Amino acid sequence: MKKKWFIFTILILLAGCSEATIEWTDFLEFQGDQYLASPHVEISDPNFIGEPIGEIKKKLKDHVKNAKYTPKNGDAAYLEAGTKLYSVINHSHLVAVRDSNKINGYKIYVKEGYVSDKRILEQIDPPSFKKIEVYEEVEYNQFLFKKLIEKNEELQTLIALLQSNQTNDSVVYREEDPQSKAFTFILYSTSPIAEKHAIYFNGEHYFDKNHHILSKKIEDFLVGTEESESG
């Protein structure tokens with residue numbers, strides 16, 4: 001009896017696992033490597049998108065229930081079958097896919113294990129910038145263009161404001177709070193990849209994802225071009 005009970009228990013557990021909900025990481029499998037979606041970058045110009053290099057063959061979410069499933073070439077967690085994959089010129093560790101929710105039209109995936117340099121704002125001597133675009137995220141993945149900054153003096157001032165080291169772990173962004181706002185800064189250098197930096201306002205403080213408190217002088221860069229002209 002004990003042996004039969006043991007087998008029955010195993011069958012129940014296996015059945016439970018087969019129906020388990022899997023929390024997938026946003027990845028794709030291509031030519032033996034996994035690529036992870038990077039929420040912190042944008043293609044700086046669609047002209048840096050190269051030729052098609054493949055396509056997704058299988059979407060795993062809602063189709064794979066086995067948590068031990070081994071991804072195969074052409075698998076992706078969230079991308080639909082048939083999604084085209086593109087190279088990024090001179091960046092063999094990146095794969096791009098079209099995405100209308102991205103500011104410049106493409107989502108970027110980075111090869112797993114690729115160790116990138118420090119992000120621009122973390123560098124002691126950051127490279128020069130061509131421009132910075134400012135957007136307000138009015139809804140999830142819905143961005144309203146606010147301002148283009150190209151003058152060198154303004155660029156340097158904004159970078160200095162974004163490099164604040166004053167930390168306050170108690171600041172929290174609550175999307176449901178009517179006073180809360182979210183902004184996105186796109187930093188363009190000479191690279192095909194532009195960096196995205198999110199800034200939040202909770203009604204009292206401006207801060208980034210690392211809880212760095214920013215000077216309220218940053219408000220000068222959050223007023224839209226049309227607003228500043230009408231004011």
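Here's a quick rundown of the structure. (Residues numbered from 1 in each chain as written. Predicted model: local features only at pLDDT ≥ 70, side-chain atom pairs only at ≥ 80, totals over all residues. Heavy atoms only, no water.)

What follows covers the layout of surface pockets. Roughly 1200 Å³ of internal volume is contained in the largest pocket. In this structure, the largest pocket is lined by 48 residues; those nearest its centre are Pro 39, His 40, Lys 196, Ala 198 and Tyr 200. Elements with a contribution of two residues or more to the lining of the largest pocket: strand 8 (91-98), strand 9 (106-111), strand 10 (131-139), strand 12 (181-188) and strand 13 (193-201). The element that contributes the greatest number of residues to the lining of the largest pocket is strand 13, accounting for 5 residues. (1 Å grid on protein atoms, 1.4 Å probe; cavity = no way out; pocket = protein on both sides within 12 Å on 5 of 7 lines; lining within 4 Å. Points joined across faces, edges and corners; volume = space filled by probe spheres on them. Helix = DSSP H or I, 4+ residues; strand = E, 2+ residues; numbered from the N terminus.)

Applying the stated criterion to the full structure yields 7 aromatic pairs. Note on Tyr 135 and Phe 143: the rings are 6.5 Å apart at their centroids and 80° apart in plane angle, and the pair reads as edge-to-face. Among the residues examined, Tyr 135 registers a relative accessible area of 10% and is labelled buried. A relative accessible area of 23% means that Phe 143 is categorised as partly exposed. Ring geometry for Tyr 135 against Phe 145: centres 5.5 Å apart, planes inclined by 70°, an arrangement best described as edge-to-face. Note that Tyr 135 is positioned in strand 10 and Phe 145 in strand 11 (residues 142-149), a separation of 10 residues in sequence. Taking the relative accessible area as the measure of exposure, Phe 145 reaches 42% and is therefore partly exposed. Of the aromatic side chains, those joined through ring pairs into one cluster are Tyr 135, Phe 143 and Phe 145. (Phe/Tyr/Trp six-rings, centres within 6.5 Å; stacked < 30°, edge-to-face > 60°. Buried < 20%, exposed > 50% of the residue type's maximum accessible area, 1.4 Å probe, protein only.)

On to the pattern of salt bridges, then. Any two side chains of opposite charge can pair, so long as their charged atoms come close to each other. Tallying each qualifying case throughout the model produces 8 salt bridges. For Asp 26, the salt bridge identified is with Lys 107, shortest N-O distance 2.9 Å. Of the two residues, Asp 26 is situated in the loop between helix 1 (2-18) and strand 1 (27-30) and Lys 107 in strand 9; the sequence distance between them amounts to 81 residues. For Asp 62, the salt bridge goes to Lys 61, with nearest N and O atoms at 3.9 Å. (Salt bridge = Lys/Arg side-chain N within 4 Å of Asp/Glu carboxyl O.)

Before going further, it helps to spend a moment on the side chain of Ser 164. With respect to the helices, strands and loops of the structure, Ser 164 is situated in the loop between helix 2 (152-162) and strand 12. Look past the residues within four positions of Ser 164 in its chain and what remains in contact with it is His 212, Ile 213 and Leu 214. (Contact = heavy atoms within 4.5 Å.)

As a further point, take the environment of Lys 131. Relative to the helices and strands, Lys 131 is located in strand 10. Exposure remark for Lys 131: the relative accessible area of 24% places this residue in the partly exposed category. As a C-alpha pair, Lys 131 and Glu 150 span 19 residues in sequence and 4.6 Å in three-dimensional space.

We now examine the nonpolar core. The biggest cluster of nonpolar side chains holds 19 residues, and the ones touching the most others in it are Ile 132, Leu 158, Phe 185, Tyr 206 and Ile 218. Elements that contribute at least two residues to this core include exactly strand 10, helix 2, strand 12 and strand 13. For this core, the element with the highest residue contribution is helix 2, accounting for 5 residues. Contacts of Ile 132, omitting those with residues within four sequence positions, involve Lys 147, Leu 148, Ile 149, Leu 155, Leu 158, Ile 159, Phe 185, Ile 186 and Leu 187. In this structure, Tyr 86, Leu 94, Ile 108 and Val 110 belong to the second largest nonpolar core, which totals 11 residues. (Core = buried A, V, L, I, M, F, W, Y, C linked by side-chain atoms within 4.5 Å.)

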